[in-house]
There are 2 protein chains.
Amino acid sequence: MDVLIVEDDALHRSFLQEAVRAALPECGHVVEAENGASGEVQARSARIENVVMDLQMHERNGIEAARTIWRERPDTKILFWSNYSDEAYVRGVARIVPEGATYGYVLKSASEERLKLALRSVFIESQCVIDREVRGIQQKSLGNSLGLSDVEYEILVDVALGLTDKAIAHRKHLSLRSVQNRLQQLYEKLGIYETSGHGNEGWFNLRTRAVAVALSRRVLNASAIERAERDLKEASGSH
Amino acid sequence: MDVLIVEDDALHRSFLQEAVRAALPECGHVVEAENGASGEVQARSARIENVVMDLQMHERNGIEAARTIWRERPDTKILFWSNYSDEAYVRGVARIVPEGATYGYVLKSASEERLKLALRSVFIESQCVIDREVRGIQQKSLGNSLGLSDVEYEILVDVALGLTDKAIAHRKHLSLRSVQNRLQQLYEKLGIYETSGHGNEGWFNLRTRAVAVALSRRVLNASAIERAERDLKEASGSH
DNA sequence: CGCTGTCCTGCGGGAACCCGCAGATCTTGC
DNA sequence: GCAAGATCTGCGGGTTCCCGCAGGACAGCG
């Protein structure tokens with residue numbers, strides 16, 4: 001049994017190396033990669049089935065790497081090990097998990113014991129292990145009371161990319177008015193109206209304000225926008 | 001001579017602890033704090049003169065902590081130790097350095113030797129040490145050919161906050177048209193017109209697009225927006 | 001002094017945005 | 001089958017944004 005570690009911070013990498021060796025004495029090679037791109041290559045060439053993956057990395061982040069790895073071998077087991085439980089990351093991961101795949105999501109702030117336990121559970125027992133906190137974010141983002149639905153999230157991304165209503169309508173095969181309806185929904189959910197309603201009418205541009213709020217609530221982050229940007233270019237190129 | 005370490009990652013913190021002890025054998029206490037807020041408190045109570053500070057932290061980031069520390073004792077020597085050389089961080093640091101203060105900016109990707117050298121240079125020799133790469137960003141952001149000028153940066157932040165032109169005009173004591181002029185400048189500098197000029201007229205909302213581009217170029221980041229948000233609230237409260 | 005360059009300002013208009021209203025689907029459940 | 005709910009759509013309008021044009025203020029320079 002081999003394990004691939006994808007992590008761009010040297011200290012964390014060696015820490016992981018040790019943790020893996022300690023938690024999984026039965027495992028053979030432990031390969032390391034220091035960013036998403038080389039992680040994909042390693043996973044492919046070494047026929048890796050178990051991956052520990054950081055999310056925030058230079059060059060190519062963990063979500064993209066995981067996506068291509070899973071595209072090639074959907075039965076790969078991936079344990080995400082991240083500093084953040086930003087909704088943008090949680091949602092990004094949830095979006096790419098193949099049907100029936102086993103994965104885990106552990107925060108770096110968790111204890112070493114928790115990490116080791118997760119390593120065994122995911123790689124040996126093929127059991128999904130999601131950190132409490134991350135699970136909380138997931139729940140909240142699914143329960144449509146507070147969190148955004150998928151459609152709302154998608155239109156948020158489109159807006160954050162800087163697309164016009166017309167462009168979004170075209171892209172999503174909707175009428176202009178429908179796009180604007182969804183935008184109103186989005187503004188409602190993000191609470192844009194509260195902050196711009198009272199004494200300060202006309203002080204906020206709802207569209208840009210929504211992006212600002214989403215960013216500071218960690219619903220969006222720069223890497224999610226970049227990912228969307230690439231998808232956009234791809235789609236417009238093929239179309 | 002005492003040193004305060006402000007760093008929210010446990011591994012990095014113990015690594016720093018060791019590096020400081022090795023590089024500065026003459027130093028006495030080495031205090032640790034795991035976020036900006038407690039860092040401020042420690043610096044105040046322990047009368048610290050030398051600080052090693054991470055930038056990206058939960059709760060309260062390094063720039064804010066450094067600002068309050070320097071506000072209380074401008075002769076404190078601070079060595080920033082960060083993963084990123086984002087323009088937003090570089091500019092944020094440059095904005096808060098008091099006149100004549102000594103500080104350093106070292107990337108976490110640098111070698112341990114470089115870190116130790118920087119520790120000695122800053123704390124013992126009172127010499128400013130700025131990483132090559134960071135220096136490069138500084139230069140580029142100052143040379144107004146590519147980078148944004150201060151006015152352009154400020155209006156970018158205002159736009160990213162979601163303010164309307166009118167609100168910005170009011171805030172900055174300008175006419176509406178002047179704000180729009182500056183916006184045009186900004187769009188020019190960020191190259192918004194290139195991507196929305198050719199075949200795709202009307203596909204981008206310039207205002208939101210500018211924010212997207214600034215984010216992916218790392219001119220802006222979430223923490224810069226949050227900082228601006230707090231400044232805004234403060235200003236509108238006092239006014 | 002006049003010229004040039006830079007910045008601020010007002011005016012006007014076309015485009016995009018925000019949204020209430022109302023009708024048209026389509027699903028869900030009794 | 002029908003009522004209730006959610007979603008999509010067109011229409012109309014008020015507001016904001018984007019920007020060309022033109023004029024004014026001010027600094028630097030020969």
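Position labels on residues start from 1 in each chain and follow its written sequence. In the order they appear in the text, chains get letters beginning with A and ligands get numbers beginning with 1. Side-chain atom pairs in this predicted model are given and counted only at pLDDT of 80 or more, local residue features only at pLDDT of at least 70, and totals for whole chains, interfaces and linings cover all residues. Hydrogens are left out, water is left out, and the side-chain values use all remaining heavy atoms of the structure.

A look at the protein's contact with DNA strand C
For step 1, the next point in the chain: Here, proximity means that at least one heavy atom of the residue falls within 4 Å of the molecule or strand. Around DNA strand C lies a shell of 19 residues, among which Arg177 of chain A together with Ser175, Ser178, Asn181 and Arg182 of chain B are the nearest.
For step 2, the next point in the chain: Considering DNA strand C, the proportion of its atoms within 4 Å of the protein that are sugar or phosphate atoms stands at 62%.
For step 3, the next point in the chain: Polar contacts, as used here, are pairs of N or O atoms within 3.5 Å; protein pairs need one atom able to donate a hydrogen and one able to accept it. Residues neighboring in sequence count only if both atoms are side-chain atoms. Contact distances for DNA strand C include 3.2 Å between a phosphate oxygen and a backbone N or O atom of Asp165 of chain A.
For step 4, the next point in the chain: The separation between a phosphate oxygen of DNA strand C and a polar side-chain atom of Gln184 of chain A is 3.5 Å.
For step 5, the next point in the chain: By the criteria applied, helices consist of DSSP H or I runs no shorter than four residues and strands consist of E runs no shorter than two, each listed in order from the N terminus. Examining the composition of the surface near DNA strand C, we find that five residues originate from one element, helix H9 (residues 176-190) of chain A, more than from any other.
For step 6, the next point in the chain: Residue polarity follows a fixed list, in which Ala, Val, Leu, Ile, Met, Phe, Trp, Tyr, Cys and Pro are nonpolar, Asp, Glu, Lys and Arg are charged, and the others, Gly among them, are polar. Here the surface near DNA strand C is composed, by residue class, of five nonpolar, eight polar and six charged.

Remarks on the packing of aromatic side chains
For step 1, the next point in the chain: Stacked, edge-to-face and tilted labels apply to pairs of Phe, Tyr and Trp rings (six-membered ring for Trp) whose centres lie within 6.5 Å, assigned for plane angles under 30 degrees, over 60, and everything in between, in that order. Counted under the stated rule, the structure contains twelve aromatic pairs over all chains.
For step 2, the next point in the chain: For the ring pair Phe80 of chain B and Tyr105 of chain B, a centre distance of 6.4 Å and an interplane angle of 45° mean the geometry is tilted. One end of the pair, Phe80 of chain B, is in strand E4 (residues 77-82); the other, Tyr105 of chain B, is in strand E5 (residues 103-107), with 25 residues separating them in the sequence. Each member of the pair, Phe80 of chain B as well as Tyr105 of chain B, carries the same accessibility label: buried.
For step 3, the next point in the chain: Whether a charge sits over a ring depends on NZ of Lys or CZ of Arg being within 6 Å of the ring centre and within 35 degrees of the ring normal. Above the plane of the ring of Phe204 of chain A lies Arg209 of chain A, whose end atom (NZ or CZ) is 4.2 Å from the centre.
For step 4, the next point in the chain: A cation sits over an aromatic face here: Arg91 of chain B above Tyr153 of chain B, 4.4 Å from the ring centre. For every residue, the accessible area (1.4 Å probe, protein chains only) is compared with the maximum for its type, and the residue is labelled buried under 20%, exposed over 50%, or partly exposed between those bounds.

Quick word on the relation of the copies chain A and chain B
For step 1, the next point in the chain: To superpose the copies, least squares is applied to the C-alpha atoms of every residue with a pLDDT of at least 70 in both. Least-squares fitting of chain A to chain B yields an RMSD of 0.1 Å, with the superposition described by an axial translation of 0.0 Å and a rotation of 180°. This pairing of chains is accounted for by a two-fold axis. Taking C-alpha positions as the reference, the residue of chain A nearest the rotation axis is Thr208 of chain A, at 2.9 Å.
For step 2, the next point in the chain: A contact between two residues is defined here by any heavy atoms of the two lying within 4.5 Å. A symmetric contact is evident, with 100% of the interface residues of chain A recurring at the interface of chain B.

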